[in-house]
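Coordinate analysis (summary)
Okay, here's what each chain looks like letter by letter:
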Amino acid sequence: MRVGSAEDRNQVPGRRGIVFVVSAPSGAGKRTVLERVFAQDTRLDLSISATTRPPRTGEVHGKDYYFLDREMFERRVEAGDFVEWAEVHGNLYGTLRDELDRLVASGKDTVLELDVQGMRNVKRIGLDAATIFIMAPSMAELERRLRARATDSAEVIDLRLANAREEIAARAEFDYVIVNDRVEEAAADLAAILRAERCRASRQQIENEWD
Ligand code: 5GP
């Protein structure tokens, strides 16, 4: 068998997907950067989290999140249904074990969009994941973006800004940091990270005539 390019190697039957944790304070532009990368990378899938946060306008159950009430969420925590979960901005968010297992078993590489606590929990349980932090170029720019979005009240924006400060202070705990000044550049950085991680010797899942 020829070893082939990293792209070929990612099509080996039985391959388990690589897990990428992507975190960013709100307003860092994570969604836009991820959308760009997803548009050009068909081997990537997004894990859909569960949350107790009410849906924003246009958000769909099963597409953006699994929207659960607090009682149901807590019942599922007790049942051990979550790989990790955390309270963020006063709501509960968590990665469902079934969802992650299904995606990884499909052979697709999986993006988990988590807050910093989620990234720490993933590391603590020893899940093999590459961790990436996306941040705005400055606090002033972050604040401008959050206020321009106008989907949240002034109170919620202030809470998100305070949380952003804390999250940015934790950026050195990640494997990679991307500064999202220009979206195209940030998307290119993320695509390069995914590509490099797929080439990592420790992640090769094939044997060939050299072995
Ligand atoms: P939003 O309410 O803006 O959709 O998300 C708020 C924060 O929750 C973001 O930082 C997002 O990454 C984080 N988040 C979303 N899903 C999960 C999850 O499953 N686990 C954890 N720990 N954080 C999550």
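1. Focus on the site of the ligand
For the ligand, the set of nearby residues contains 18 residues, the closest of which are S49, R53, Y65, E84 and Y93. Contacts to the ligand include R56, whose side-chain N or O atom sits 3.1 Å from an oxygen atom. Taking Y93, its side chain carries an N or O atom lying 2.5 Å from an oxygen atom of the ligand. Contact with the protein chains covers 92% of the free accessible surface of the ligand, which is 510 Å². When atoms are counted within 2 Å of each cavity's grid points, the one that captures over half of the ligand is the largest pocket. Within the residue set of the shell around the ligand, elements represented by two or more residues are strand 5 (82–88) and strand 6 (91–96).

2. Structural notes on the side chain of S23
Tracing the backbone shows S23 in strand 1 (residues 19–23). Classification of S23 by relative accessible area gives buried; the value is 0%. Polar side-chain contacts of S23 include one of 2.7 Å to the backbone oxygen of L114.

3. Concerning the environment of Q205
Relative to the elements of secondary structure, Q205 occurs in the segment after helix 8 (183–199). Sequence separation between Q205 and R31 is 174 residues; the distance between their C-alpha atoms is 30 Å. Every residue in contact with Q205, bar those within four places of it in the chain, is listed here: V12, R15 and R16.

4. Some remarks on the packing of helix 2 (residues 30–40) against helix 8
In the contact formed by helix 2 and helix 8, the axes pass within 9 Å of each other and the chain directions differ by 55 degrees. In terms of axis orientation, helix 2 runs oblique to helix 8. Crossing angle aside, the handedness with which helix 2 passes helix 8 is right-handed. Contacts between helix 2 and helix 8 involve T32, V33, L34, R36, V37 and Q40 from the former and V183, E184, A186, A187, L190, A191 and L194 from the latter. Residues of the contact of helix 2 with helix 8, tallied by class, amount to 9 nonpolar, 2 polar and 2 charged.

5. Here we look at the pattern of salt bridges
Pairs can form between side chains of opposite charge whenever their charged atoms are close. Tallying each qualifying case throughout the model produces 22 salt bridges. Taking the shortest distance from any N to any O, the salt bridge between E197 and R200 comes out at 2.9 Å. Residue E197 is classed as buried on the basis of its relative accessible area of 2%. For R200, a relative accessible area of 40% gives the class partly exposed. The structure contains a network of salt bridges with shared partners spanning R15, D41, D109 and R198.

6. What to know about helix 6 (residues 139–149)
An α-helix turns once per 3.6 residues; consequently, residues spaced three or four apart project the same way. Within the sequence span of helix 6, burial applies to E141, L142, R145 and L146. Along helix 6, the residues classed as buried sweep out an arc of 135 degrees about the axis, all on the same side. Exposed residues pointing more than 90 degrees away from the buried face of helix 6 are listed as A140 and A148. Among the structural elements, helix 7 (154–169) are those in contact with the buried residues of helix 6. A150 lies just past helix 6 and shows a positive phi near 55 degrees.

7. Notes on the packing of aromatic side chains
Inspection of every chain in the model, using the stated rule, returns 5 aromatic pairs. Relative to F174, the ring of F133 lies with its centre 5.0 Å away and its plane at 45 degrees, an arrangement referred to as tilted. One end of the pair, F133, is in strand 8 (residues 129–135); the other, F174, is in the loop between helix 7 and strand 9 (176–179), with 41 residues separating them in the sequence. Both residues of the pair, F133 and F174, belong to the buried class. Each residue in the set Y65, F67 and Y93 is aromatic and connected to the rest through ring pairs, giving one cluster.

8. Thoughts on the pairing of strand 5
Along strand 5, 5 of the 7 residues are buried, which leaves the element largely enclosed by surrounding structure. The turn linking strand 5 back onto strand 6 is made up of 2 residues, and H89 within it adopts a positive phi angle of 50 degrees.

Calculation rules
- Residues numbered from 1 in each chain as written.
- Predicted model: local features only at pLDDT ≥ 70, side-chain atom pairs only at ≥ 80, totals over all residues.
- Heavy atoms only, no water.
- Near = heavy atom within 4 Å.
- Polar contact = N/O pair within 3.5 Å; in protein donor to acceptor, adjacent residues only side chain to side chain.
- Areas by Shrake-Rupley, 256 points an atom, 1.4 Å probe, with all protein chains shown as cover.
- 1 Å grid on protein atoms, 1.4 Å probe; cavity = no way out; pocket = protein on both sides within 12 Å on 5 of 7 lines; lining within 4 Å.
- Sits in = over half its atoms within 2 Å of the grid points.
- Helix = DSSP H or I, 4+ residues; strand = E, 2+ residues; numbered from the N terminus.
- Buried < 20%, exposed > 50% of the residue type's maximum accessible area, 1.4 Å probe, protein only.
- Contact = heavy atoms within 4.5 Å.
- Axes fitted to C-alpha atoms, helices over the stretch in contact; angles between N-to-C directions.
- Parallel < 35°, antiparallel > 145°, perpendicular 65-115°, else oblique.
- Left-handed = near helix turned anticlockwise from the far one by under 90°.
- Nonpolar A, V, L, I, M, F, W, Y, C, P; charged D, E, K, R; others polar.
- Salt bridge = Lys/Arg side-chain N within 4 Å of Asp/Glu carboxyl O.
- Arc of directions from axis to C-beta.
- Phe/Tyr/Trp six-rings, centres within 6.5 Å; stacked < 30°, edge-to-face > 60°.
- Pairing = 2+ DSSP bridges.

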